[in-house]
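Observations on the model geometry
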Amino acid sequence: MASYWQILIVFAKIGAFTIGGGYAMISMIQSEIVRRGWLEEKDFPDIIALAQSAPGLLAVNISIFIGYRLRGVKGSIVATLGSIFPSFLIILLIAMIFSGFQDNQTVRRIFMGIRPVVVALIAVPMLQMARKTNRNWISWALSIVTIGLVAFLKVSPIYILVIVAVVAYAVAKYRESTREKEDR
């Protein structure tokens, strides 16, 4: 079982060395947690789904769920503090140092150069998760259609989730009724 110090150090490392927020942290969180045996790789997409459905920051929600799974409420508090404290210190330091350099072209170019890396840090874990969770052509089609609807047609993900839930429920009921008929 992981100690509180281990949880704190792992999540502080994740918080300190990840640029780009929650989605960019997913890959690092996954590799750290799975490598230590704190969570099986097959369970990680469930944690992501739970973290996304809860209000708040994705990385903090992931920290809460994993910390709770490891050591209960105290574990979730320790994991959360570990994940947010380094970011807080870094932002505080940046605000203190770079406030006078915000109009500096070199600083602007540095941050513009970081943007494509952040996009890649977000895209890679999403693609890895899609490969692991989409096991058939229907799942892939649903993922691709959803990306198209949200990204290009600006359809709210809420509508998509509600429609898919209703259709999935109807299909499950239909299959259940046909099995009952076949059993008779």
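Residues numbered from 1 in each chain as written. Predicted model: local features only at pLDDT ≥ 70, side-chain atom pairs only at ≥ 80, totals over all residues. Heavy atoms only, no water.

For clarity, the cut-off: UniProt positions are given in the numbering used here, feature names are shortened, and annotations may be inferred rather than shown by experiment.
Named according to an unreviewed UniProt entry, the chain is Chromate transporter originating from Candidatus Cryptobacteroides excrementavium. Recorded under Sequence similarities (unreviewed entry), the UniProt text for the chain is reproduced unchanged: "Belongs to the chromate ion transporter (CHR) (TC 2.A.51) family." Note on the chain: under the UniProt heading Subcellular location (unreviewed entry), the record states "Cell membrane".

**What about the side chain of Ser76?**
Applied cut-off: Only DSSP runs of H or I with at least four residues qualify as helices, and only runs of E with at least two residues qualify as strands; both kinds are numbered from the N terminus onward. Only heavy atoms enter the contact rule, under which two residues are in contact if any of them lie within 4.5 Å.
Tracing the sequence through the fold places Ser76 in helix H4 (residues 58–98). Residues in contact with Ser76, not counting those within four places in the same chain, are Ser63, Ile64, Gly67 and Tyr68.

**Brief notes about the packing of helix H3 (residues 44–53) against H4**
Using the following cut-off: Only the stretch in contact is used when a helix axis is fitted, and all axes are lines through C-alpha atoms; the angle between N-to-C directions ranges over 0 to 180 degrees. Each angle gets one of four labels, with under 35 degrees taken as roughly parallel, over 145 as roughly antiparallel, 65 to 115 as roughly perpendicular, and the rest as oblique. Crossing handedness: left-handed means the near helix sits turned counterclockwise from the far one by under a right angle, and right-handed means the same turn made clockwise.
Packing of H3 against H4 leaves a shortest axis separation of 8 Å and a crossing angle of 125°. Classed by the angle they form, the pair H3 and H4 counts as oblique. Crossing angle aside, the handedness with which H3 passes H4 is right-handed. Every residue of H4 that contacts H3 at Phe44, Ile47, Ile48, Leu50, Ala51 and Gln52 is listed here: Leu58, Asn61, Ile62, Phe65, Ile66 and Arg69.

**As for empty space enclosed by the protein**
What counts is decided by this rule: The rule is simple: put a 1 Å grid over the protein atoms alone, call a set of points where a 1.4 Å probe fits but cannot get out a cavity, call an open set with protein on both sides within 12 Å along at least five of seven lines a pocket, and count a residue as lining if it has an atom within 4 Å of a point. Grid points are joined across faces, edges and corners, and a volume is the space filled by probe spheres set on the points. Note on residue classes: Ala, Val, Leu, Ile, Met, Phe, Trp, Tyr, Cys and Pro are nonpolar, Asp, Glu, Lys and Arg are charged, and everything else, Gly too, is polar.
Applying the stated criterion across every chain, the model contains one cavity of 30 Å³ or more. Size it by volume and the largest cavity reaches roughly 60 Å³. Ile26, Gln30, Phe44, Pro45, Pro125, Gln128, Met129 and Lys132 are the residues that line the largest cavity. Listed by contribution, the elements that provide at least two residues to the lining of the largest cavity are helix H2 (22–35), H3 and helix H5 (105–133). Broken down by element, the lining of the largest cavity gets its largest block of residues, four residues, from H5. Of the residues contributing to the lining of the largest cavity, the split by class is five nonpolar, two polar and one charged.

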